[in-house]
Amino acid sequence: MASRNERDHSRTERGKRFSLVKKHTLPPTDQGGWMAETRDFLESVAYRTLSTNARRALDRLKIEHISHGRTHNGRLIVTHEQFISYGVTAEYVGDALDELDFKGLLKINRGRAGNGTAHPNVFRLTFDGDHEGAAATNEWRRCTDQQAKQWVETVRDQRKLKRAGVGRKPKSSLGVPEMPPLRVPETRRLAGAR
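So, how was this worked out
Residues numbered from 1 in each chain as written. Predicted model: local features only at pLDDT ≥ 70, side-chain atom pairs only at ≥ 80, totals over all residues. Heavy atoms only, no water. Helix = DSSP H or I, 4+ residues; strand = E, 2+ residues; numbered from the N terminus. Buried < 20%, exposed > 50% of the residue type's maximum accessible area, 1.4 Å probe, protein only. Contact = heavy atoms within 4.5 Å. Areas by Shrake-Rupley, 256 points an atom, 1.4 Å probe, with all protein chains shown as cover. Axes fitted to C-alpha atoms, helices over the stretch in contact; angles between N-to-C directions. Parallel < 35°, antiparallel > 145°, perpendicular 65-115°, else oblique. Nonpolar A, V, L, I, M, F, W, Y, C, P; charged D, E, K, R; others polar. Phe/Tyr/Trp six-rings, centres within 6.5 Å; stacked < 30°, edge-to-face > 60°. Salt bridge = Lys/Arg side-chain N within 4 Å of Asp/Glu carboxyl O. Left-handed = near helix turned anticlockwise from the far one by under 90°.

1. A word on the overall build of the chain
Then step 1. Within the chain, the regular secondary structure consists of 8 helices and 4 strands.
Then step 2. In the chain, buried positions account for 26% of the 194 residues.
Then step 3. Considering only residue pairs separated by 6 or more positions, the chain has 56% of its internal contacts joining residues 24 or more positions apart.
Then step 4. For the chain, the accessible surface area stands at approximately 14,300 Å², while carbon and sulfur atoms represent 52% of it.

Take a look at the structure:
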């Protein structure tokens, strides 16, 4: 049975202060949305070792997720320009997204361009449920200190080289034509006739 608390004159076991703390620490309902992050997630190696650009890219993706009422995870679209306007350094957007993918915080369905139609990248945050109702996959839990160190030492450069080669045709230098000339130049004809 609840006893009377002499300090705040309430009839609850925990008192008035507890109810006020609970009331003022609830997620906001009028601020345009919210997203919870667990203590395990914030203390994880994957989150702690993020670069500044990767952290900003993740924040921009969380903003997009919240703006859709947290119901479009797996169908999130954020453009290159939106990442840049949020503060990700322009030449490191791809690097930041690769880092998030490598550490398991994000899954990317790579888009493509061609024939005048651009198909953007589509993102899924692994620490929240997706648009089909599946639970969070929490792939970030698999990231270890060794993998985080490996990202900095080797994997970042490998992925950067891979991104640089995607969709690019090898070009021949101007000094070596791909096709031989159709006629023999005059100087060769004269030299061969002697």
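Let us keep going from here.
2. Some thoughts on the packing of helix H4 (residues 52–67) against helix H6 (residues 93–102)
Geometrically, a packed helix pair is captured by the angle between its two axes and the distance between the axes.
Then step 1. For the pair H4 and H6, the least separation of the axes is 8 Å and the interaxial angle reads 80 degrees. In terms of orientation, H4 and H6 fall into the roughly perpendicular class. Of the residues in H6, those in contact with Asn53, Ala54, Ala57, Leu58 and Leu61 of H4 are Ala96, Leu97, Glu99 and Leu100.
Then step 2. Grouping the constituent residues of the contact of H4 with H6 by class yields 7 nonpolar, 1 polar and 1 charged.

3. Some points on unusual backbone geometry
What you tend to see is this: most non-glycine residues have negative phi, and most peptide bonds are trans.
Then step 1. Positive phi, close to 60 degrees, is recorded for Arg70, a residue that is not glycine.
Then step 2. Relative to the assigned elements, Arg70 resides in the loop between H4 and helix H5 (80–86).
Then step 3. The exposure class of Arg70 is partly exposed, given its relative accessible area of 32%.
Then step 4. One non-glycine residue, Asn138, adopts positive backbone phi at about 50 degrees.

4. Observations regarding the packing of aromatic side chains
Then step 1. By the definition in use, this model includes 5 aromatic pairs.
Then step 2. Here Phe41 and Phe127 contribute two aromatic rings whose centre-to-centre distance is 4.5 Å and whose plane-to-plane angle is 35 degrees, an arrangement assigned as tilted. One end of the pair, Phe41, is in helix H2 (residues 39–43); the other, Phe127, is in the loop between strand S4 (122–125) and helix H7 (145–165), with 86 residues separating them in the sequence.
Then step 3. When its relative accessible area of 1% is taken as the criterion, Phe41 is described as buried.
Then step 4. Accessibility expressed as a relative area gives 11% for Phe127, which makes it buried.

5. Observations regarding the pattern of salt bridges
Then step 1. One pass over the structure, following the stated rule, counts 13 salt bridges.
Then step 2. A salt bridge links Asp101 to Lys107; the nearest nitrogen and oxygen atoms lie 3.9 Å apart.
Then step 3. A cluster of three or more residues bridged by salt bridges with shared partners is formed by Asp101, Lys107, Arg124, Glu139 and Arg159.

6. Digging into the packing of H6 against H7
Then step 1. For the pair H6 and H7, interaxial distance at closest approach is 10 Å and the crossing angle is 130 degrees. With respect to H7, the axis of H6 lies oblique. The interaxial crossing formed by H6 with H7 has right-handed handedness. Across from Gly94, Asp95, Asp98, Glu99, Asp101 and Phe102 in H6, the residues of H7 making contact are Gln147, Gln150, Trp151, Val155, Arg156, Arg159 and Arg163.
Then step 2. Its residues assigned to classes, the contact of H6 with H7 shows 3 nonpolar, 3 polar and 7 charged.

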